[in-house]
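The lines below spell out each chain.
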Amino acid sequence: MALLQLKNVTLQYGAAPLLDGVDFQIAEGERVCLLGRNGAGKTSLMRVIAGEEKPNSGEVISVNGKIFTRLPQEIPDHISGTVVSVIRSGLPGERHEEEWEIEHRLDTLMTGMKLPANDEFSGLSGGLKRRVLLARALAGHPDILLLDEPTNHLDVESILWLENYLLEEKTTLFFVTHDRAFLKRLATRIVELDRGKLSSWDCDYETYLVRKEAWLAAEEKNWAAFDKKLAQEEAWLRQGVKARRTRNEGRVRALEQMRRERNQRRERTGSARLGISEGDVSGRKVISAENISFAYGDKPVISGFNTEIWRGDKIGIIGPNGAGKTTLLKLLLGQLTPQSGSVKHGTNLQVVYLDQLRSIDDEKTVAQNVAGNVESVTFQGRARHIHSYLSDFLFSPDRVRAPAKILSGGERNRLLLAKLFLQPANVLVLDEPTNDLDAETLELLESLLVEYNGTLLLVSHDRTFLDEVCTNTLIFGANGEVAEYNGGYSDWLKYAANSKKNANSEVSKPDANDKLKETAGKSRKPRKFLNREQWELDALPGKIEQLEAEQEELSKKMWDPELYKSNPEAVKKAESRLTILDTEIKTAYARWEELEKLRKECESSS
């Protein structure tokens, strides 16, 4: 049964409609994931469905008596009271339930989401407030639950709890998320909002990606054929006017219709072209932490932690909210001094830090937030006009001059990345960089970080992102313990499952805890061969070929006796370059052998 139906719905603020004659329905029991670029109108569509906004035209039809609840991205300013009272305010008045049922549901929500029942809502952090609002939305047990980026500010444990809760409750969902693991586990159908139109894909996410790529290729082919036909008809009309007194009026009218169709075409938004201003090469060892500890009062946050971070490492940091992830970052960066132990930094570090505060001045324009009042910025060693630079991050010229307060959540995050990536860095520190980014930009950021030659420290609850980017993972445990594992989130999950299995076996049981303590802070298991290592391995033959070609060319020049007579300085430079090339070629061959050996070891141990 369809709980909701949209018929020919149009919603328009500016020149191009956000919703352009949309037809759509949600059936009971479906879990529909809405995809679309930042600024495409996903939140506006949710507001229309929830009845918070009226469309310009069309019908929104819902079954009488059904309750729709929307969890917005933004936190309202007017909410007050204790946590439990705020959650209780989400209970619908028109439903009559036994008090014990209500109490049980509220207890389940507050326990599962680790919420302090009697604390004042106004005194909570932004992340905790968002969790309370999520619990309030769930408390009402709505017929359709509309969730806009529900995993923002949730730790991995809370995300897993939410996934299980929604699956067990069999809630009808319409949700937007950047978390691909959450999407893959929950969605029974995918819909996409693109250039005002809504398309439905009755398949899983991986199949959707394949089908969407084929659909876009077909669209491109059809457009090319249309444009060719239009050009031919335009040429016919020009020739016909000169050659004849009369024209085929039917053909002229068809041409005029083609012109109108071409003018109404909405081109696809291009892909972001993200880039990082890489700094100078740092020392080989970047950070060394020896037995560091830190506590707030009687609460240990970091306890006896050891690690060595080397140039090129990409370290993911996972832990519950409030565990001390940001504190650990500040200790490693030297912004906090450990209460015991020591932190040593390598040479020539250039650190750029994207923190959770996300400082944007809403009253300034997008351009002013990045470049102040100047018209150009220096990026990767060359000057670029601010419009050109921000277009790489998908900001149109009118958006560049608009105040930042009008930006969506994803656009704000893209703006922060644009500001951050201007600064040369060989150590990049990102605290929750993926919030609100659309899937395409998220994957571009992912690829950029994989190819980044510097060192990365990454706090994230995005499991797919951690898997694709990280070479090592730091996991927060109880009492300030932090353990280090090779690989990303899935690798840690496999290790944890194996440890639990071994701990439950009679043979392993006696020494399982001792083994866990002994290996805490060290690499735990043979790791997988990482994407960045495969890409590096694939690139090495071409790199070696290029170096050897340059070596051969220089050697030929050195054979020319005239060079020694006419330009002795060039000879010295060539000799120096040949020495460097010889070293680089030997290093590249050694790295090739090293990666091939590692790949075989990973394949044999998987």
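Since the model is a prediction, treat every value here as computed from it, not as a measurement.

Participant: Mind showing me how you'd approach the environment of Lys-42 here?
Facilitator: Inspection of the secondary structure puts Lys-42 in helix α1 (residues 42-49). Taking the C-alpha atoms as reference points, Lys-42 and Leu-19, separated by 23 residues in sequence, lie 9.5 Å from one another. The residues contacting Lys-42, other than those within four sequence positions of it, are Leu-34, Leu-35, Gly-36, Arg-37, Val-176 and Leu-193.

Participant: Whenever I open this one, the packing of helix α3 (residues 99-112) against helix α4 (residues 126-139) confuses me. Can you help?
Facilitator: Axis angle and axis distance: for two packed helices, these are the angle between their axes and the distance between the axes, and together they describe the pair. The interhelical angle for the contact between α3 and α4, taken along N-to-C directions, is 150 degrees, at an axis separation of 10 Å. Between α3 and α4, the angle falls in the class roughly antiparallel. Handedness of the α3/α4 crossing: right-handed. When α3 is examined against α4, the residues Arg-105, Leu-106 and Leu-109 are found in contact with a partner set consisting of Ala-135, Leu-138 and Ala-139.

Participant: What am I meant to see in the pairing of strand β6 (residues 144-148) here?
Facilitator: For a regular strand, side chains alternate in direction, first toward one face of the sheet and then toward the other. The buried fraction of β6 amounts to five of the five residues, a majority that puts the element mostly inside the structure. Across the two faces of β6 the burial is the same, with Ile-144, Leu-146 and Asp-148 and Leu-145 and Leu-147 all buried. Bridge analysis of strand β5 (residues 68-71) against β6 gives four bridges, and the strand direction is parallel. Following the sheet pairing, Leu-71 is matched in β6 by Leu-147. When β6 meets strand β7 (residues 173-176), the two strands line up parallel, connected through four bridges.

Participant: How should the sheet that holds strand β18 (residues 455-459) be read in this particular structure?
Facilitator: Adjacent strands of a sheet pair through backbone hydrogen bonds, lying either parallel or antiparallel. Judged by pairing direction, the sheet is mixed, and its six strands sit side by side in the order β14-β17-β18-β12-β19-β20 without closing on themselves. Two strands close off the open sheet at either side, each with one partner strand: β14 (351-354) and β20 (482-486). Across this sheet, the average inter-strand angle for adjacent strands is 15 degrees, counted without regard to direction. Where strand β12 (residues 314-318) meets strand β19 (residues 472-476), four bridges bridge the pair, whose relative direction is parallel. By the bridge assignment, Ile-318 is partnered in β19 with Ile-475. Across the sheet, helix α13 (residues 409-420) touches β14 and β17 (427-431), and the angle it forms with β14 is around 170 degrees.

Participant: Would you mind showing me how to read the confidence of the model for the chain here?
Facilitator: Low pLDDT marks stretches whose predicted atomic positions should not be read closely. On average, residues of the chain score 84 in pLDDT, and 90% of them reach the 70 mark or higher. Predicted confidence is poor over residues 506-526, with pLDDT under 50, and the contacts of this stretch with residues over four places away or in other chains come to 25 contacts.

Participant: In this structure, what is going on with the pairing of strand β11 (residues 299-310)? I would like to understand it.
Facilitator: Both strand β10 (residues 285-296) and β11 contribute to a ladder of eight bridges, which runs antiparallel. Along β11, the bridge assignment pairs Ala-289 with Thr-307. The turn linking β10 back onto β11 is made up of two residues, and Gly-297 within it adopts a positive phi angle of 65 degrees.

Participant: I tried to follow helix α5 (residues 156-169) on my own but got confused; where do I start?
Facilitator: Along an α-helix, residues three or four apart share an orientation, since each turn contains 3.6 residues. The terminal C-alpha atoms of α5, which comprises 14 residues, lie 20 Å apart, in line with the 20 Å expected from a rise of 1.5 Å per residue. Among all positions in α5, only Val-156, Ser-158, Ile-159, Trp-161, Leu-162, Glu-163, Tyr-165 and Leu-166 are buried. Lys-170 lies just past α5 and shows a positive phi near 55 degrees.

Participant: Just to check I follow, could you spell out the packing of aromatic side chains for this structure?
Facilitator: Between two aromatic rings, the relevant description is the distance of the centres plus the angle of the planes. If you walk through the whole model with that rule in mind, you get ten aromatic pairs. Members of the aromatic cluster, connected to one another through ring pairs, are Trp-201, Tyr-205 and Tyr-208.

Participant: Could you clarify how one ought to interpret unusual backbone geometry in this entry?
Facilitator: A negative phi angle is the norm for most residues apart from glycine, just as the trans form is the norm for most peptide bonds. The backbone of Asn-8 shows a phi angle near 50 degrees, a positive value even though the residue is not glycine. Along the polypeptide, Asn-8 turns up in strand β1 (residues 2-11). Positive phi is not limited to glycine here, since Asn-348 has a value of about 60 degrees. Position of Asn-348 relative to the elements: it lies in the loop between β13 (340-345) and β14.

Participant: Looking at this model, I keep getting lost on the side chain of Asp-148. Mind explaining?
Facilitator: You can see Asp-148 is positioned in strand β6. Buried within the structure, Asp-148 lacks any salt-bridge partner; its nearest side chain of opposite charge belongs to Arg-70, at an N-O separation of 4.5 Å. A polar atom in the side chain of Asp-148 sits 2.8 Å from the side chain of Thr-43. Residues in contact with Asp-148, not counting those within four places in the same chain, are Thr-43, Met-46, Arg-70, Leu-71, Pro-72, Gln-73, Arg-130 and Val-176.

Participant: Looking at this structure, how should I read the pattern of salt bridges?
Facilitator: A full pass over the atoms with the stated rule returns 27 salt bridges. The partner of Asp-362 in a salt bridge is Arg-412, with the nearest N and O atoms 2.8 Å apart. Here Asp-362, found in the loop between β14 and α10 (366-371), pairs with Arg-412, found in helix α13; they are 50 residues apart in sequence, far enough to count as distant. The class for Arg-412 is partly exposed, based on a relative accessible area of 23%. Among the salt bridges present, the one from Asp-392 reaches Arg-384, with a minimum N-O distance of 2.7 Å. The pair formed by Asp-392 and Arg-384 is uniform in burial state, with each residue classed as buried.

So, how was this worked out
- Residues numbered from 1 in each chain as written.
- Predicted model: local features only at pLDDT ≥ 70, side-chain atom pairs only at ≥ 80, totals over all residues.
- Heavy atoms only, no water.
- Helix = DSSP H or I, 4+ residues; strand = E, 2+ residues; numbered from the N terminus.
- Contact = heavy atoms within 4.5 Å.
- Axes fitted to C-alpha atoms, helices over the stretch in contact; angles between N-to-C directions.
- Parallel < 35°, antiparallel > 145°, perpendicular 65-115°, else oblique.
- Left-handed = near helix turned anticlockwise from the far one by under 90°.
- Buried < 20%, exposed > 50% of the residue type's maximum accessible area, 1.4 Å probe, protein only.
- Pairing = 2+ DSSP bridges.
- pLDDT = per-residue confidence, 0-100.
- Expected span 1.5 Å × (residues − 1).
- Phe/Tyr/Trp six-rings, centres within 6.5 Å; stacked < 30°, edge-to-face > 60°.
- Lys, Arg positive; Asp, Glu negative; His and termini not counted.
- Salt bridge = Lys/Arg side-chain N within 4 Å of Asp/Glu carboxyl O.
- Polar contact = N/O pair within 3.5 Å; in protein donor to acceptor, adjacent residues only side chain to side chain.

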